[in-house]
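Structural characterization, general
What follows is each chain in one-letter form.
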Amino acid sequence: MRKPASHLTTTDLKTEARQYRATQLDAGRTLSQSQALEMVARFHGFRDWNTASGVLPVTRGPAYAVSQQVAGTYLKQPFTGTIIGVKALGAGEMFRLTIQFDEPVDVVAFDSFSAFRHRVDATVNRDGVSPSRTSDGQPHMVLISA
């Protein structure tokens, strides 16, 4: 899956180049690592490897931080709050956030019953969207300011 250029790092391109080189070797074609880097850089729209490595960061910085103010929806209910815990998952594309809501959020859709949450743990990607979904397909959490 091709990442948007804004999410790419030189580490990502080096990994892709190693994979490309291994694929070529399996097909009986010898390729140097520098040739693979040049091919991958061009694939992502750069003139050459030097251009890509001069523009892209080596790694991505953290997407979320403790004390960061956020807003969005949790179980389709609007909220504002503060991140009080962050844990990067896997390669840093997913994050487990603990969010303290400024005002409690009613997470029950029924009129005759309420369940208020003051603090929640949720997993979100770098774009602030939770992979977990409600029964109607909506993400559990969507951050609109992160």
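A short tour of the structure in this document, coming up.

Quick notes on the rules
- Residues numbered from 1 in each chain as written.
- Predicted model: local features only at pLDDT ≥ 70, side-chain atom pairs only at ≥ 80, totals over all residues.
- Heavy atoms only, no water.
- Helix = DSSP H or I, 4+ residues; strand = E, 2+ residues; numbered from the N terminus.
- Buried < 20%, exposed > 50% of the residue type's maximum accessible area, 1.4 Å probe, protein only.
- Core = buried A, V, L, I, M, F, W, Y, C linked by side-chain atoms within 4.5 Å.
- Salt bridge = Lys/Arg side-chain N within 4 Å of Asp/Glu carboxyl O.
- Polar contact = N/O pair within 3.5 Å; in protein donor to acceptor, adjacent residues only side chain to side chain.
- Contact = heavy atoms within 4.5 Å.

A closer look at the environment of valine 124
Note on placement: valine 124 falls in strand E4 (residues 116-125). Residue classification places valine 124 among the buried residues on the basis of a relative accessible area of 0%. The spatial distance from the C-alpha of valine 124 to the C-alpha of threonine 98 is 11 Å, given a sequence separation of 26 residues.

Some words on the nonpolar core
One finds Phe79, Leu97, Ile99, Met141 and Leu143 to be the most contacted residues of the largest nonpolar core, which totals 18 residues. Of all the elements, strand E3 (residues 94-106) adds the most residues to this core, at 5 residues.

Description of the pattern of salt bridges
Inspection of every chain in the model, using the stated rule, returns 3 salt bridges. Among the salt bridges present, the one from arginine 42 reaches glutamate 38, with a minimum N-O distance of 4.0 Å. Note that arginine 42 and glutamate 38 are positioned in helix H2 (residues 33-43) at a spacing of 4 residues, about one turn of the helix. The partly exposed category is assigned to arginine 42, whose relative accessible area is 45%.

What to know about the side chain of threonine 82
Following the sequence through the fold, threonine 82 ends up in strand E2 (residues 77-89). The class of threonine 82 is buried, set by a relative accessible area of 18%. At a separation of 2.9 Å, a polar atom in the side chain of threonine 82 contacts the side chain of glutamine 69. Those residues in contact with threonine 82 that lie beyond four places of it in its chain are Ser67, Gln68, Gln69, Thr98, Ile99, Gln100 and Asp102.

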